[in-house]
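Survey of secondary and tertiary structure
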Amino acid sequence: MSLNLSPLPFDRSALEPHMSARTLDFHHGKHHKAYVDYTIAAIKGTPLEYSNLDVIVKTSKESGDKRLFNNSAQAWNHDFFWQSLAPIGGPGPTGKLAHWLMRDFGGIDQFEQAFKKEAVGHFASGWAWLIYEGGKLQVTSYHDADTPIVHDGVVPILTADLWEHAYYLDYQNARASFLDAFLSHLVGWRAAGERFERVLLREREPPRS
Ligand code: FE
């Protein structure tokens, strides 16, 4: 399968006024595209040419090819970010994810406070994540292009892009305002809930011999 820039899973104006079409034009059409374009050019004619993105990210991490890792991991993180968003009016968490957020954070409000604190407190560029690790849901953040798929035992459930290009056109330097909009209006809870259900199902599968 050859790599390409996946289209946004929603219309470019579907997240307005919380995330503008202009932001998405730059963020998806310029920034994300540049990461994908670099990755495609870098793997051309190498053994990774027809690998999927997960493999490219993990292989470049292991081989110490920092430039390929940074670009391919950013491509992967952005794919996950678009899947973490949903048009306005989406319901809050339901089902098992709602239950586990209650169990591990004490409630959805407490989860949102923890996620916002982590994201706002993260120095410079990176990503805030809701992850599943060690049998529980947790909030964390990674710097620059770092991604959960190169951390053993970490399963990503939800992410917010903390690079300024994610919010500068709409919120200038006010990362906290972007996080408020993200948590109140933009989180794709349905997809996150489905991801989490698949994680729990996988855990119940017997180990392959
Ligand atoms: Fe970004």
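Because the structure is a prediction, the values reported are computed rather than measured.

Re the coordination of the iron ion
- For the iron ion, the full set of protein donor atoms is His27 (NE2), His78 (NE2), Asp161 (OD) and His165 (NE2), and the range of their distances to it is 1.9 to 2.1 Å.
- One way to put it: the 4 donor atoms around the iron ion meet at angles of 89 to 127 degrees, and that makes the site tetrahedral.
- As a motif over one chain, the donors of the iron ion read H-x50-H-x82-D-x3-H. Here His27 is found in helix α1 (residues 21–43), whereas its partner His78 is found in helix α3 (residues 66–83), with 51 residues between them in sequence.

Quick notes on the packing of aromatic side chains
- This model, assessed by the stated rule, comprises 15 aromatic pairs.
- Here Trp100 and Tyr132 contribute two aromatic rings whose centre-to-centre distance is 5.8 Å and whose plane-to-plane angle is 65 degrees, an arrangement assigned as edge-to-face. Of the two residues, Trp100 is situated in helix α4 (residues 95–105) and Tyr132 in strand β1 (residues 126–133); the sequence distance between them amounts to 32 residues.
- Residue Tyr132 is classed as buried on the basis of its relative accessible area, which comes to 3%.
- Stacked on the ring of Phe69, the Lys or Arg Lys61 has its end atom at 5.0 Å from the ring centre.
- Geometry around Trp100 places Arg103 over its ring, the cationic atom sitting 4.1 Å from the centre.

With respect to the side chain of His18
- Tracing the chain through its elements places His18 in the segment before α1.
- We classify His18 as buried; its relative accessible area is 15%.
- One polar contact links His18 to His185, side chain to side chain, over a distance of 3.5 Å.

Brief notes about the domain arrangement of the protein
- The domains assigned to the protein are domain 1 (21–83) and domain 2 (95–204).
- Between domain 1 and domain 2, the C-alpha centre-to-centre distance is 21 Å.
- The interface is formed by 20 residues belonging to domain 1 together with 24 residues belonging to domain 2.
- Together, the buried faces of domain 1 and domain 2 total about 1,800 Å²; carbon and sulfur atoms form 70% of this surface.
- Of all residues in domain 1, Thr23, Phe80 and Phe81 bury the most surface against domain 2, accounting for 33% of the area lost on that side.
- Where domain 1 meets domain 2, there are 0 salt bridges.
- Counting across the interface, domain 1 meets domain 2 through 9 residue pairs in polar contact (both at pLDDT 80 or more).

With respect to the packing of helix α5 (residues 108–121) against helix α7 (residues 175–186)
- At a minimum axis distance of 10 Å, the contact between α5 and α7 shows a crossing angle of 150 degrees. The crossing of α5 and α7 is right-handed. In contact with Phe111, Glu112, Phe115, Lys116, Ala119 and Val120 of α5, α7 contributes Arg175, Ala176, Leu179, Asp180, Phe182 and Leu183.
- Residue composition of the contact of α5 with α7, grouped by class: 8 nonpolar, no polar and 4 charged.

Some remarks on the sheet that holds strand β3 (residues 155–161)
- Pairing is antiparallel across the open sheet formed by 3 strands, whose spatial order is β2-β1-β3. Two strands close off the open sheet at either side, each with one partner strand: β2 (136–143) and β3. For this sheet, the mean inter-axis angle between neighbouring strands, taken without regard to orientation, is 25 degrees.
- Direction of pairing for β1 relative to β2: antiparallel, over a ladder of 8 bridges. Note on β2: the bridge partner recorded for Ile131 is Gln138.
- Contacts from α5 reach β1, β2 and β3 within the one sheet, and its direction differs from that of β2 by about 15 degrees.

The rules behind the values
- Just so you know, the residues in each chain are numbered from 1, in the order the chain's sequence is written.
- Restriction of local features to residues with pLDDT of at least 70 applies here, the model being predicted, together with a cutoff of 80 or more for giving and counting side-chain atom pairs; totals for whole chains, interfaces and linings are based on all residues.
- Water and hydrogen atoms were dropped before computing side-chain values, which therefore reflect all heavy atoms in the structure.
- The rule for donors is simple: N, O or S, within 2.8 Å of the metal, or within 3.2 Å if the metal is Na, K or Ca. Water isn't counted, so a site may look like it is missing partners.
- Geometry is assigned from the angles between donors: four donors with all angles from 85 to 135 degrees make a tetrahedral site, four or six donors whose opposite pairs exceed 155 degrees while the rest stay between 65 and 115 make square planar or octahedral sites respectively, and everything else is labelled irregular.
- In this text, helices come from DSSP runs of H or I with a minimum length of four residues, and strands from runs of E with a minimum of two, each type numbered from the N-terminal end.
- Any pair of Phe, Tyr and Trp rings, taking the six-membered ring for Trp, is counted once the centres come within 6.5 Å. Such a pair is stacked with planes under 30 degrees apart, edge-to-face with planes over 60 apart, and tilted for the rest.
- The rule is simple: take the accessible area with a 1.4 Å probe, protein chains only, and divide by the maximum for that residue type; under 20% is buried, over 50% is exposed, in between is partly exposed.
- Consider the ring centre and the ring normal. A charge sits over the ring if Lys NZ or Arg CZ is within 6 Å of that centre and within 35 degrees of that normal.
- A 3.5 Å cut-off defines polar contacts: any pair of N or O atoms within that distance qualifies, except that in protein one atom must be a possible hydrogen donor and the other a possible acceptor, and neighbouring residues in sequence count only when both atoms are side-chain atoms.
- For the purposes of this description, domain bounds are those given by an automatic or database domain assignment.
- Residue contacts follow a heavy-atom distance rule, with two residues in contact if any of their heavy atoms lie within 4.5 Å.
- A simple way to read buried area is as the amount of 1.4 Å-probe accessible surface that goes missing from two parts once joined, with both sides added.
- A pairing counts as a salt bridge when a side-chain nitrogen of Lys or Arg comes within 4 Å of a carboxyl oxygen of Asp or Glu.
- Between N-to-C directions, angles span 0 to 180 degrees; the directions come from axes that are lines fitted to C-alpha atoms, helices contributing only their stretch in contact.
- In a left-handed crossing the near helix is turned counterclockwise from the far helix by less than a right angle, and in a right-handed crossing that turn is clockwise.
- Just so you know the grouping, Ala, Val, Leu, Ile, Met, Phe, Trp, Tyr, Cys and Pro go in nonpolar, Asp, Glu, Lys and Arg go in charged, and all remaining residues, Gly too, go in polar.
- In this analysis, strands are considered paired if DSSP registers two or more bridges between them.

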